[in-house]
Structure formats: structure tokens, C-alpha cells
Amino acid sequence: MKTFNYHSAKDVKEASKLASSNSAFLAGGMTTLPSMKLGLASYKDIIDIKRIKKISGIKVSGKTVTIGAITKHVEVANSKDVKKAIPSLAALAEGIGDPQVRNRGTIGGSIANNDPAADYPSACIALNAIIHTNNRKINADKFFTGMFETSLKSSEIIEAIEFNIPQKSSYQKLPNPASRYAIVGVYVAKHKTGINVGVTGAKSSVYNDKNLAGALSKNFSSSAIDNVKISTSGINSDIHASAEYRANMIKAFAKKAVDAC
Ligand SMILES: Cc1cc2nc3c(=O)[nH]c(=O)nc-3n(C[C@H](O)[C@H](O)[C@H](O)COP(=O)(O)OP(=O)(O)OC[C@H]3O[C@@H](n4cnc5c(N)ncnc54)[C@H](O)[C@@H]3O)c2cc1C
């Protein structure tokens, strides 16, 4: 590992000031540390944000659930408030990785990293999330811009993620048997204002499947999906699954999610 400067930031302002195009924030370190150890990434400055209490914790108010960026997956999975307000979100967190990953990994780190197979981005899309940073509020559909890419600037810090509580929702995934990342994951959410189908694992970045959402808007039942054709264009193909297999799984897991709502 190359040498770097370690900073422990006392608040968001200090963390943001220390940041540059050659730095990383250290939340749980579940992506940053292995990437550095394997020589896939190197940084001049590592800015530890784990001690900034202001960006931790879970709040439920009327129509929304707001989760601080450094809240760990295990806290979301075990939260009685999340289980009551959006049970599918708690279940998603419970299905991430293994106990070690869930006890270190954070929701902010997960969405900032935007791994194409990560689970939380699909929840952000399906639950019309608003990403609160130290500078602005970003709607989820403008936040995830490509493979491992987001609209965040280098000194911008996610403070919290605000999810809309849906009428019904379910997240279903085909997990990679080793890492539990989604080979395909589908998050269906029915809101008063419409339906979203967040799909992860299938393309270079999470997306809202408008064809599936359109069919479900007319008839919210798994049979409504039967005639929707999922194109293989832009769908990932790798040693785990071909594009054709993934396209089938999108449909199968969307149906499963609707049945589980
Ligand atoms: C073995 C293994 C299995 C896993 N399985 C799954 C899985 O099944 N599903 C899944 O979804 N994920 C999975 N993950 C990912 C894991 O859940 C973490 O969420 C992810 O690795 C990010 O880690 P972290 O929160 O520790 O962030 P870090 O590694 O600390 O940071 C990651 C990146 O996010 C940036 N960042 C962190 N916090 C912020 C912030 N508040 N504001 C702005 N930028 C920030 C950092 O600068 C860095 O670039 C797995 C990881 C491992 C190692």
C-alpha cells in the first residue's frame, strides 16, 4: 500500500475542506481499504468521517425515513422504525454481504461508490430518495450517473438519504453466492404518485425500468409483467450470468417482488 495522510474530521465542514481530487472519505472502509490494499486505488489523503455524529442515525417522520450517511447496514436492518415504515428497506440491508460487511459498511459509502451490483441504489430509485449533501439536495434519478459514478463533487459529502414511505414495496435479488452483491436485484415500490421499479446488477448503473413500471401502473399484479419484453441491449454479461439470463431474471424477480408486496 502507498503511504497517505490520515485525517480524522471532527465535522462535515472540516472533512469537506480537507477533500481534494486525490482524497477519499473513510466511512466503513469496506470498499476504500480493499481497493488500496489491492493497488486498485491510491489517495494522498484519507479523511475519516466515522466520528461525525451529525451524519449518523435514523429518523422517521410522517411520510419519510431519513438515514444518516454513516449509518451502518446492521443498524438499518435492525431498526424497529425502518421495519415498521419500510420493511423492504430493512430486509434489503439484512441481505447485504455478511455480518462483517454489515457491521462496517455504511449507506452513504454504498451509494457514493455506486457499484453496479450494490443493493441500496435500487432503493434510492424505487423510493424517490433525496440525497442530502453539505451543499444541496439531489434527487436519486439525477444522482447515479454511471458505473461507479455519481453527481457528487470531490469535496461534497452525503449527510443523509431521505426515502419516501411507499404504500407497498418489496426488494428481491438473485445474490452472487460469494459476495451477496446482486447479480440482479429488483425493487418495486407503489406510491400514491406512481410506481417505480429500481433495477440493480443488470446494467452499468442502477435504473428505473419504465416498461415494467408502466405495466404495473395499469394493473398492479405479477401477471401484468408477463407480456413486458426485457431487451438485452446494455445488459451485463459476465462469468456469473449472460445478458439473456439477466434479462429473464429482471422479469422473474420483478414478479416475485410484486407478489411479495
Ligand atoms: C465482501 C463484501 C461483500 C459485499 N456485499 C455487498 C452486497 O451484497 N450488497 C451491497 O450493496 N454491497 C455489498 N458490499 C459493499 C458494502 O456494503 C459497502 O457499502 C461498500 O463497500 C461501501 O463501503 P463503506 O460504506 O465502508 O464506504 P467506504 O469504503 O469508506 O467509502 C467508499 C467510497 O464512498 C465515498 N464515501 C463514503 N462515505 C461518503 C459520504 N458520506 N459522502 C461522500 N462520499 C462518501 C468514499 O470517498 C469512497 O470513495 C460488499 C462489500 C464487501 C467488502
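We now turn to the structure provided with this report. For clarity, every value in this text was computed on a predicted model and none was experimentally measured.

What follows concerns the site of the ligand. In the region of the ligand, 30 residues are neighbours, and Ala 27, Thr 31, Thr 106, Asp 119 and Arg 180 sit closest. One of the backbone N or O atoms of Gly 28 is found 3.0 Å from an oxygen atom in the ligand. In the model, an oxygen atom of the ligand is placed 2.8 Å from a nitrogen or oxygen of the Gly 29 main chain. Expressed as a share of its isolated accessible area of 980 Å², the protein-covered part of the ligand is 88%. Breaking the shell around the ligand down by element, the ones donating at least two residues are β2 (23–26) and α7 (107–113). Considered class by class, the residues forming the shell around the ligand number 15 nonpolar, 11 polar and 4 charged.

A separate point is the pairing of strand β10 (residues 158–164). In terms of residue burial, β10 counts as a mostly covered element, since 6 of its 7 residues are buried. Both strand β5 (residues 64–68) and β10 contribute to a ladder of 5 bridges, which runs antiparallel. Residue pairing across strands places Thr 66 opposite Glu 162, the latter belonging to β10. Where strand β6 (residues 130–133) lies against β10, 4 bridges are found, and the strand directions are antiparallel. Across the sheet, Thr 133 pairs through a bridge with Ile 158, a residue of β10.

By size, the foremost hydrophobic cluster in this structure holds 35 residues, and its most contacted members are Leu 89 and Phe 163. Element by element, the count of residues in this core is highest for helix α8 (residues 120–126), at 5 residues.

Counted according to the given criterion, the structure contains 10 salt bridges. Among the salt bridges present, the one from Asp 48 reaches Lys 50, with a minimum N-O distance of 3.2 Å. The exposure class of Asp 48 is buried, given its relative accessible area of 2%. A salt bridge links Asp 48 to Arg 51, with the nearest nitrogen and oxygen atoms 3.2 Å apart. Accessibility expressed as a relative area gives 52% for Arg 51, which makes it exposed. The structure contains a network of salt bridges with shared partners spanning Asp 48, Lys 50 and Arg 51.

A separate point is the side chain of Glu 162. Along the chain, Glu 162 turns up in strand β10. Within the buried core, Glu 162 has no salt-bridge partner, and the shortest N-O distance to an opposite charge, that of Lys 137, equals 5.6 Å.

What counts, and where the lines are drawn
Residues numbered from 1 in each chain as written. Predicted model: local features only at pLDDT ≥ 70, side-chain atom pairs only at ≥ 80, totals over all residues. Heavy atoms only, no water. Near = heavy atom within 4 Å. Polar contact = N/O pair within 3.5 Å; in protein donor to acceptor, adjacent residues only side chain to side chain. Areas by Shrake-Rupley, 256 points an atom, 1.4 Å probe, with all protein chains shown as cover. Helix = DSSP H or I, 4+ residues; strand = E, 2+ residues; numbered from the N terminus. Nonpolar A, V, L, I, M, F, W, Y, C, P; charged D, E, K, R; others polar. Buried < 20%, exposed > 50% of the residue type's maximum accessible area, 1.4 Å probe, protein only. Pairing = 2+ DSSP bridges. Core = buried A, V, L, I, M, F, W, Y, C linked by side-chain atoms within 4.5 Å. Salt bridge = Lys/Arg side-chain N within 4 Å of Asp/Glu carboxyl O. Lys, Arg positive; Asp, Glu negative; His and termini not counted.

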